[in-house]
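# Coordinate inspection notes
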Amino acid sequence: MKELIRQYIDQGISRRKLMTGLSAVGLSTVAAKSIAQSLAPVAGVVPTSPPAGAMREMKGTGGALFVQQLKAAGVEYIFFNPSTGDAPIYDALVDEPAIHLVKGVQEGAVVAMADGYARASGKTAVVVVPNIGLPNAMTQMVNTFKDRIPLLVVVAAFGQDQLGRDGPQDYEHQEVMVQPITKWYWQANSAAGIPETTRRALKFAATAPAGPVFLAIPDNLLRMEATATIMDQALFDVPMRLRPDAKDVEAVARLLIEAKNPMMSIGDEVTLAHGEAEALELAELLGLPVAGQAEFGTWSKPFPTRSPLYLGTVLATMRFPGQIDVHLNLGNQYGEKAAPGKKLISIRRDPTSLARVTPVDMGIVADPKLAAADLVAAVKSIATKERLKQIADDRGGRVRTYTKGMWDLRGKIAQDLSDGAPIRMERLGVELEKGLEKDTLYVADVDSGKTLEPFMGFGGADKTYIGTGPNVLGWGMAGGFGAKLAHPDKPVVAVVGDGSFLFSGPAPLWSIARYKAPITVMVLNNQSYNNERNRIWTFGGGAQFKTGRDMTCYNGSPDVDFTKTAAAYGVEGETVKEPGQIQAALARAKAANVDGRPYFLEFHIQRDGVGAASEWHPPLSIASLRTRKV
Amino acid sequence: MRRFILIGAAAALVLVAAPLAAQPVVQLPEGEGRDVVATACSQCHALTAITQLRQGEQAWRYQVYDMVLRGAQIAPSEIDGTVKYLAASFGPGVPFPGPPAAPVTLPDGAGKELVEGGCALCHGLDRVVAAKRSKGEWNGIVKRMVFFGAPLAPDQATTIAAYLDSKFGAD
Ligand SMILES: Cc1ncc(C[n+]2csc(CCOP(=O)(O)OP(=O)(O)O)c2C)c(N)n1
Ligand SMILES: [Mg+2]
């Protein structure tokens, strides 16, 4: 029998011959069939013609066809959690060194790892998860969707002949479930069509404005052998490097030069288009004050926050620079703020969100990087060097005075608020600014954390900020892992709240430990949904505020020991309770990272804002509900 | 000159599910610093966030600091004036908005009068007795109220915490 099997594997004999042989040695037909099936060529890839440049025909299982098309798209990683049905994909990876598997132990973590990787690398990330785990994945897909991050999510769906029979794990048409949070969703309907469908999905995911795309592949198609053509994905790229119309550019350039009190706002689309340097050059050329991200809804900091031109948050009315006459919004989804007497120009990659809510005087759909570069060239061609210097000095001088004053004020605030335990957010901000390397990728998923960020430098030659716009929590640790995978040579910290940690649970730590990701996880533990409570009490002013009864947000009792959780995954770390201990702890974290090990820091943080002192929570004890001690 | 300036909440924070666009119009009392509050504090939330609170100068200072870190545009030279205005307009003893607080009869004990005198300046005593709290929590709350501006000497604060723990303590 052994000899028979060897001959079959070496393709010396046909499957029929193998079956006959197995029956001859006494196996039932069913048993023989099952052995023959289990011996089908592992990777299933049998090229039928030699690779010919950008296209090649190949024969293989649906799973193998899928994998080879990913390879032809330059995909290096598949973020996954396995199911029985998608096994042909993993079978096809047994002998495929070009693609690495990165496992997550909860689908939300899988998507967040992929999302962090895509944000940090700019590449489309690929996720394969079990169909029954898709709803877990969807929570984090909201972040990906709202922030226009390229992602392909694949599940092995129920086999076509099984669909609709109300099988235990069959919920029909799972693909429509993702409709509101994907750019496109599809169910593959033939094995031979898998490469083409995959190309289409990857193309939709990556074409700006990018986003998640969902593909269900019935498991019988993944197992089925078929012949299809694999094509270089580059042949399907849609370059969205749209140059703005030259006339528009000239008009905007003139407005910016002539303006009495102009301002620029800048947003995530600049990050996505890698237009940071061009935007900075434009601002410096014209001495434009720059408002950055909104209080909520944005995920990156593309303009150097330490630049003397940087004002901070973009607001509906800006007390500084005051009455604005020309407002250029460059790639900020929340930057379009109309006001009487102001000319609002918005340059956006995403036509669906340009002028979606606010009336815009001049809307331009263009790549923000190219637009900024063209504006720089146009401005230089219209005004002399001397005039531009004059403008930049005049306007820039005023902005500098303002921003210096605000940095000084923050310095004073930090001094006033620096002491005491638990640690204050503001103090932690100052300490992180001191302790973190300039090239750190700072991955943030913490709500109150917004008050430590103004003490730190981001953008330009400074730290890179990566968060999520919609703040769907539970993203941060996995997001940090993904960022490190994209940039192994940069220091990475993942900063999460206690609430955020508990949303993902410790699941991301599993991947961090398994793949030896030398990042530092920081949990800012205030035993509270701190800002949630602030907003509930503040903006509602309802019965919870009036009675001082916090019905929902206190997270203590149990007082979770997060550092112990990390230890359970073999991730070393420590709990930092006093501000004086922060620097030494950061140094130990750095040493571990340098040595190739992850490190975990739990900071005990002061609750802040309304109701901060309250530890009361609605009492309910199940033990005391019992009438029997069982 | 008009006595009040009227401000509607122009921009609502998108993150909050409640329909904040329907926030009420708020009246700000006169005083130096009113214009700063009216223009620098109204972009992100309704001014009711401010007018419903009662706290002293130090607490208002920290509050303004917090808002500066969140993006409020107040020049350093305006901070002191703004804080003074807020403390004078929305400080302890200034009647708080809404219907009068439900009357509360406190049980007898050492500290009862201190609570009646020191704990009803910024909100009703109903808020004080609304929930049973652990000893540590009462200590924390009384400390916080002193930070807010409750006019209590340290030994008075200790007496109050002990009183509240004995009468309204949770195990
Ligand atoms: C997945 C998810 N569920 C619920 C929320 C609603 N929410 C917004 S902020 C917040 C509390 C966050 O707590 P934590 O991470 O500890 O931050 P803190 O405000 O305490 O700094 C919650 C629950 C959310 N944003 N995401
Ligand atoms: Mg928290």
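The rules behind these values
- Residues numbered from 1 in each chain as written.
- Chains lettered and ligands numbered in written order.
- Predicted model: local features only at pLDDT ≥ 70, side-chain atom pairs only at ≥ 80, totals over all residues.
- Heavy atoms only, no water.
- Helix = DSSP H or I, 4+ residues; strand = E, 2+ residues; numbered from the N terminus.
- Rg over C-alpha atoms; globule rule 2.2 N^0.38 Å.
- Contact = heavy atoms within 4.5 Å.
- Areas by Shrake-Rupley, 256 points an atom, 1.4 Å probe, with all protein chains shown as cover.
- Lys, Arg positive; Asp, Glu negative; His and termini not counted.
- Charge placed at Lys NZ, Arg CZ, Asp CG, Glu CD.
- Donors = N, O, S within 2.8 Å, 3.2 Å for Na, K, Ca; no water.
- Buried < 20%, exposed > 50% of the residue type's maximum accessible area, 1.4 Å probe, protein only.
- Phe/Tyr/Trp six-rings, centres within 6.5 Å; stacked < 30°, edge-to-face > 60°.
- Lys NZ or Arg CZ within 6 Å of the ring centre and 35° of its normal.
- Patch = residues over 30% accessible without salt bridge, like charges linked within 9 Å, V, L, I, M, F, W, Y side chains within 5 Å.
- Salt bridge = Lys/Arg side-chain N within 4 Å of Asp/Glu carboxyl O.
- Near = heavy atom within 4 Å.
- Polar contact = N/O pair within 3.5 Å; in protein donor to acceptor, adjacent residues only side chain to side chain.
- Nonpolar A, V, L, I, M, F, W, Y, C, P; charged D, E, K, R; others polar.
- Pairing = 2+ DSSP bridges.
- Axes fitted to C-alpha atoms, helices over the stretch in contact; angles between N-to-C directions.
- Expected span 1.5 Å × (residues − 1).
- Buried area = accessible area lost by both parts, 1.4 Å probe.
- Domains from an automatic or database assignment.

## Description of the overall build of chain A
When its secondary structure is counted, chain A shows 23 helices and 21 strands. Relative to a compact globule of 630 residues, whose C-alpha radius of gyration would be 25 Å, chain A shows 28 Å and is just as compact. In terms of overall dimensions, chain A has C-alpha extents of about 95 × 75 × 45 Å along its principal axes. The contacts in chain A between residues at least 6 apart in sequence include a share of 73% that link residues at least 24 apart. For chain A, the accessible surface area stands at approximately 26000 Å², while carbon and sulfur atoms represent 55% of it. Between the mean site of the 68 positive side-chain charges and the mean site of the 66 negative ones, chain A shows a separation of 1 Å.

## Observations regarding the coordination of the magnesium ion (ligand 2)
Residues and elements named next belong to chain A. Coordination of the magnesium ion (ligand 2) by the protein comes from D498 (OD), N526 (OD1) and S528 (O), over a distance range of 2.0 to 2.2 Å. Site description for the magnesium ion (ligand 2): donor spacing in sequence, D-x27-N-x1-S. A residue pair is termed long-range when its members are at least 10 positions apart, and D498 in helix 18 (residues 498–504) and N526 in the loop between strand 19 (520–525) and helix 20 (530–540) qualify at 28 residues. An identical accessibility class is assigned to D498 and N526; each is buried.

## With respect to the packing of aromatic side chains
Taken as a whole, this structure holds 21 aromatic pairs over all chains when the rule is applied. Ring centres 5.2 Å apart and planes at 55° place the aromatic pair Y442 of chain A and F458 of chain A in the tilted group. Taken as a pair, Y442 of chain A in strand 16 (residues 441–445) and F458 of chain A in the loop between strand 16 and strand 17 (464–466) lie far apart in primary sequence, 16 residues in all. On the basis of relative accessibility, which here comes to 1%, the residue F458 of chain A falls in the buried class. Put simply, the rings of Y62, Y65, F147 and F148 of chain B pair up and form one aromatic cluster. Seen from the ring of Y465 of chain A, K301 of chain A lies directly overhead, with NZ or CZ sitting 4.5 Å from the centre. In this arrangement the basic side chain of R306 of chain A is found over the ring face of W407 of chain A, its NZ or CZ atom lying 4.4 Å from the centre.

## Structural notes on a nonpolar patch on the surface
Residue and element names in this part refer to chain A. Taken together, the side chains of L620, I622 and L625 present a nonpolar region at the surface, about 390 Å² in accessible area. With respect to the helices and strands, the residue L625 is situated in the segment after strand 21 (599–604). Under the relative-accessibility criterion, L625 is labelled exposed at 59%.

## Quick notes on the site of ligand 1
All names here are of chain A. The local shell around ligand 1 holds 18 residues, among which S448, N471, D498, G499 and S528 are the closest. Between L473 and ligand 1, the recorded distance is 3.1 Å, taken from a backbone N or O atom to a nitrogen atom. Expressed as a share of its isolated accessible area of 580 Å², the protein-covered part of ligand 1 is 85%. For the shell around ligand 1, the elements supplying multiple residues, two or more each, are helix 18 and helix 20. The class makeup of the residues in the shell around ligand 1 is five nonpolar, nine polar and four charged.

## A short note on the sheet that holds strand 16 of chain A
Residue and element names in this part refer to chain A. Overall, parallel pairing links the six strands, which are arranged 17-16-18-19-21-20 in an open sheet. Each edge of the open sheet carries a strand with a single partner, namely strand 17 and strand 20 (573–576). For this sheet, the mean angle separating the axes of adjacent strands, direction not counted, is 20°. Bridge count between strand 20 and strand 21: four bridges; the pairing is parallel.

## Focus: helix 9 (residues 194–206) of chain A
The end-to-end C-alpha distance of helix 9 of chain A is 18 Å, a good match for the 18 Å that 13 residues give at a rise of 1.5 Å each. Taken together, the buried positions of helix 9 of chain A are occupied by I194, P195, T197, T198, R199, A201, L202 and A205 of chain A.

## Re the interface of chain A and chain B
The interface is formed by 45 residues belonging to chain A together with 38 residues belonging to chain B. Roughly 3800 Å² of surface becomes buried between chain A and chain B when both sides are summed, with 61% attributable to carbon and sulfur atoms. In terms of surface lost to chain B, no three residues of chain A exceed R319, F539 and F545 of chain A, which account for 20% of the buried area on that side. For the interface between chain A and chain B, the tally reads one salt bridge. E78 of chain B is paired through a salt bridge with R319 of chain A; the nearest N and O atoms lie 2.9 Å apart. The tally of links from chain A across to chain B stands at 18 residue pairs in polar contact (both at pLDDT 80 or more). Of all the elements in the fold, those that place two or more residues in the side of chain A that touches chain B are helix 15 (385–416), helix 20 and helix 21 (543–547) of chain A. Of all the elements, helix 15 of chain A adds the most residues to the side of chain A that touches chain B, at eight residues. Across the side of chain A that touches chain B, the residue classes break down as 20 nonpolar, twelve polar and 13 charged.

## Observations regarding the domain arrangement of chain B
Residues and elements named next belong to chain B. Segmenting chain B into domains produces domain 1 (28–95) and domain 2 (112–168). Using only C-alpha atoms to locate each centre, domain 1 and domain 2 end up separated by 25 Å. Listed by partner, the interface residues are nine residues for domain 1 and five residues for domain 2. Together domain 1 and domain 2 conceal approximately 610 Å² of surface at their shared face, both sides included; 64% is due to carbon and sulfur atoms. For the domain 1 face of the interface with domain 2, the top three residues by lost area are R54, A59 and P92, together amounting to 49%. In this assembly, domain 1 and domain 2 are joined by zero salt bridges. Summed over the shared surface of domain 1 and domain 2, the number is two residue pairs in polar contact (both at pLDDT 80 or more). When grouped by side-chain class, the residues that make up the side of domain 1 that touches domain 2 number four nonpolar, four polar and one charged.

## Details of unusual backbone geometry
The general pattern is negative phi for most residues beyond glycine and trans for most peptide bonds. Residue and element names in this part refer to chain A. Omega for the peptide link from F320 to P321 comes to 5°, which places this bond in the cis form. The topology assignment puts P321 in the loop between strand 12 (310–312) and strand 13 (326–330). Cis geometry is found at the peptide bond from S557 to P558, where omega equals 10°. Inspection of the secondary structure puts P558 in the loop between helix 21 and helix 22 (562–568). One non-glycine residue, K516, lies in positive phi territory at about 45°. Topologically, K516 is positioned in the loop between helix 19 (507–514) and strand 19. In this structure K516 comes out as exposed when scored by relative accessible area, which is 60%. Positioned with a positive phi, Q527 is a non-glycine residue whose angle comes to about 50°. By relative accessible area, which is 21% here, Q527 ends up partly exposed.

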